Amino acid sequence: MIVAAGQPAPDFTLRTEEGQSFTREQLLGRTTVLVFYPFAFSPVCTSQLSVYNDLLEDFSARGATLYGVSCDASPSQIAFKQQLGVDIEQLSDFEPKGAACRAFGVYHEGGFPQRARVIVDPDGTVRWSHQADSPGDLPGANLIFDAL
């Protein structure tokens, strides 16, 4: 079950595009939107990140930083980002596969994250979370904006 609003964000370690650790501590001091998506280069994920990228200025105007999170290896995420021409920084949950996704309650036993979004407040508390009914659903950004 996805981490609920009002709970502290779990401890986790993801990898940035540069291979650096990204942990719960990097969430502190700012509002963060973690966008969990199943697979780089899949049609729905491509559409989702393209839509969110078009709205990055709107997210920023609301004080939110957006990150894409998948279980893909960083080189795949970088290629995906470059092919799409998006600016959303990617975080990899490749090794140990799905550990952060499990911590957030969004890991699908098929080996990928469910399509989910989690907003974490500057104090490290989950403000809002939502998991799509199906990994094939394309979630719009309106629910995120409403929660911000």
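Conventions and cut-offs
Residues numbered from 1 in each chain as written. Predicted model: local features only at pLDDT ≥ 70, side-chain atom pairs only at ≥ 80, totals over all residues. Heavy atoms only, no water. Pairing = 2+ DSSP bridges. Helix = DSSP H or I, 4+ residues; strand = E, 2+ residues; numbered from the N terminus. Core = buried A, V, L, I, M, F, W, Y, C linked by side-chain atoms within 4.5 Å. Buried < 20%, exposed > 50% of the residue type's maximum accessible area, 1.4 Å probe, protein only. Contact = heavy atoms within 4.5 Å. Expected span 1.5 Å × (residues − 1). Arc of directions from axis to C-beta. Salt bridge = Lys/Arg side-chain N within 4 Å of Asp/Glu carboxyl O. Phe/Tyr/Trp six-rings, centres within 6.5 Å; stacked < 30°, edge-to-face > 60°.

### A few points about the pairing of strand β9 (residues 126-131)
Part 1 of the reasoning: Bridge analysis of strand β8 (residues 116-120) against β9 gives 5 bridges, and the strand direction is antiparallel. By the bridge assignment, I119 is partnered in β9 with W128.
Part 2 of the reasoning: The antiparallel hairpin formed by β8 and β9 contains 5 residues in its connecting segment, where G124 sits at a positive phi of about 90°.

### Focus on the nonpolar core
Part 1 of the reasoning: The biggest cluster of nonpolar side chains holds 22 residues, and the ones touching the most others in it are F36, F104 and V118.
Part 2 of the reasoning: Put simply, the parts of the chain that give this core at least two residues each are β3 (31-36), β4 (64-70), α4 (99-104) and β8.
Part 3 of the reasoning: In contact with V118, other than residues within four places in its own chain, are I2, V3, T32, V33, L34, F36, F104, V126, W128 and S129.

### What to know about the environment of L56
Part 1 of the reasoning: Within the fold, L56 resides in helix α2 (residues 56-61).
Part 2 of the reasoning: Here L56 is in contact with L66, D87 and I88, once residues within four sequence places are set aside.

### Examining helix α1 (residues 43-54)
The α-helix advances 3.6 residues per turn, and as a result positions three or four apart in sequence lie on the same side.
Part 1 of the reasoning: Across its 12 residues, α1 extends 17 Å between first and last C-alpha, which sits within 8% of the 16 Å expected from 1.5 Å per residue.
Part 2 of the reasoning: Taken together, the buried positions of α1 are C45, Q48, L49, Y52 and N53. One side of α1 holds all its buried residues, which, seen down the axis, span an arc of 130°. Looking at α1, the residues exposed on the side facing more than 90 degrees away from the buried face are P43 and D54.

### With respect to the pattern of salt bridges
Part 1 of the reasoning: On inspection of all chains with the given rule, the structure shows 2 salt bridges.
Part 2 of the reasoning: In this structure, E17 engages K81 in a salt bridge whose closest nitrogen and oxygen atoms are separated by 3.1 Å. Of this pair, E17 sits in the loop between β1 (13-15) and β2 (21-23) while K81 sits in helix α3 (residues 74-84), and the two are 64 residues apart along the sequence. As far as burial versus exposure is concerned, E17 and K81 are alike and both buried.
Part 3 of the reasoning: In this structure, the salt-bridge partner of D121 is R127, at a minimum N-O distance of 2.5 Å.

### Digging into the packing of aromatic side chains
Part 1 of the reasoning: The full count for this structure, using the stated rule, is 9 aromatic pairs.
Part 2 of the reasoning: The interplanar angle of 55° and the centroid separation of 5.4 Å between the aromatic rings of F12 and F104 together place this pair among those described as tilted. Highlighted residues: F12 in the segment before β1 and F104 in helix α4, separated in sequence by 92 residues.
Part 3 of the reasoning: According to the relative accessible area criterion, F104 is buried, its value standing at 1%.

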